[in-house]
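Structural characterization, general
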Amino acid sequence: MRPFTSTIFAEITELARKTGAVNLGQGFPDTDGPEGMLRIAQQAIADGVNQYPPGPGIPELRTAIAEHRRNRYGSEHDPDSEVLVTVGGTEAMSAAMLALLEPGDEVVLIEPYYDAYPVAVAMAGGVRRTVGLTQGPDHRFVLDVDALRAAVGPQTRALVLNSPHNPTGTVFTAEELAVIAEVCRENDVIAITDEVYEHLLFDGRKHTPLATLPGMAERTLSISSSGKSFSATGWKIGWICGPAELVAAVRSAKQFLTFVGGAPFQPAVAHALRNELGWAEQLRSDLERKRDLLSRGLSEAGFDVLSSEGTYFVCADVRPLGFTDGAQLCRELPDRIGVAAIPVQVFCDHPEATRHLVRFAFCKRDEVLNEAVERLHKLS
């Protein structure tokens, strides 16, 4: 664990705090989720729902998760054996690694990767192999399918897929998903999919879970969470769905991590999944507008802005402004102009390919984004 003793998020957030910078680094919204969901949580606290919930999660929430997967994607899950409530998507990922990996097993990560993935692999004694996204001519990131095939070998136990993708904002295409599924089937690899941004796709795109592709339901663990869809990142209510034998293994590991969590929030999330998807659709529409607002502002400030197809994030190339190292720039920005952002290179085993890229979060109020854009213009 020595390489993981600190995170870029803690470092940049502390710089933002010290300098009073506009923080477009860490990805959390600055407004609350749907009022109906919040009221359910408040009432649950008042009603005494403050002790340990059942280990797998309350039946009401597990049933709501299964209904959501069925209604939205046509996926069938037994809420008693194929759905597990976790303390956010991060715990689901860590528990899955601890449950499925033997020391020395390999896990394929697509880089840039969310920074919790390599930590989860390391804690389980696994070995990570990475496959890079490359910048295509249309300003979007694309999967290097040849590199993916080359990365998978006899020691490969699992592959992690994050779509919509943090930090790049990429949504994997049907063709890319088909190749990933083919590689998993041909090599008997388990897919662990991080789908926490499943409701936040832009420009008419629709989320396609990898588990819905032929031959993938029996070898896929699907992770999602309420935090991004309903703007309640601090509640840390996530879940993992999949075949009963795989979910049982994850549950065995999860019970010795946090055991349980978020008792009064679980009925509120069940309510949200059943009654607040219209709110989530409005959030998606609002975030699409905010993406355009920030992307336009970044472009006018001199950045070369890449395509963001989903999530909270947009990436920008700093080279047109005369900079070459995104990490160095991000450490200077809070004091220099009062804006905080995250360098993409820290999410890579091979940082040279993304050294020039910086990630900005647009899940903020318009006045915050406008203030950040005004300050960013000072760079040029």
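Residues numbered from 1 in each chain as written. Predicted model: local features only at pLDDT ≥ 70, side-chain atom pairs only at ≥ 80, totals over all residues. Heavy atoms only, no water.

**Details of the sheet that holds strand β14 (residues 357-361)**
Here is the rule: When DSSP finds two or more bridges between a pair of strands, those strands are recorded as paired. Secondary structure elements follow DSSP: runs of H or I of four or more residues count as helices, runs of E of two or more count as strands, with numbering from the N terminus.
Strands sit in the order β10-β11-β14-β13 across an open sheet of four strands; the sheet is antiparallel. The open sheet has two edge strands with one neighbour each: β10 (304-305) and β13 (342-343). Bridge count between strand β11 (residues 313-317) and β14: five bridges; the pairing is antiparallel. The residue of β14 that forms the bridge with V314 is F360.

**Remarks on the pattern of salt bridges**
The following threshold applies: Whenever Lys or Arg places a side-chain nitrogen within 4 Å of a carboxyl oxygen from Asp or Glu, that contact is recorded as a salt bridge. Type-normalised accessible area, obtained with a 1.4 Å probe on protein chains alone, sets the label of each residue: buried when under 20%, exposed when over 50%, and partly exposed for intermediate values.
Evaluated as defined, the whole model comprises 29 salt bridges. E14 serves as the salt-bridge partner of R17, at 2.6 Å between the closest nitrogen and oxygen. One end of the pair is R17 and the other is E14, both in helix α1 (residues 8-19) and three residues apart, which spans about a single turn. Residue R17 is classed as exposed on the basis of its relative accessible area of 57%. For E14, a relative accessible area of 30% corresponds to the partly exposed category. For the salt bridge of D366 with R289, the shortest nitrogen-to-oxygen distance reads 2.8 Å. Taken together, the positions of D366 in helix α13 (residues 366-376) and R289 in helix α11 (residues 277-300) put the pair 77 residues apart, joining distant regions of the chain. A residue is classified by how much of its surface remains accessible, and D366, at 24% relative accessible area, is partly exposed. Linked through salt bridges whose partners overlap, the residues forming this network are R140, D203, R205, R291, D292 and E309.

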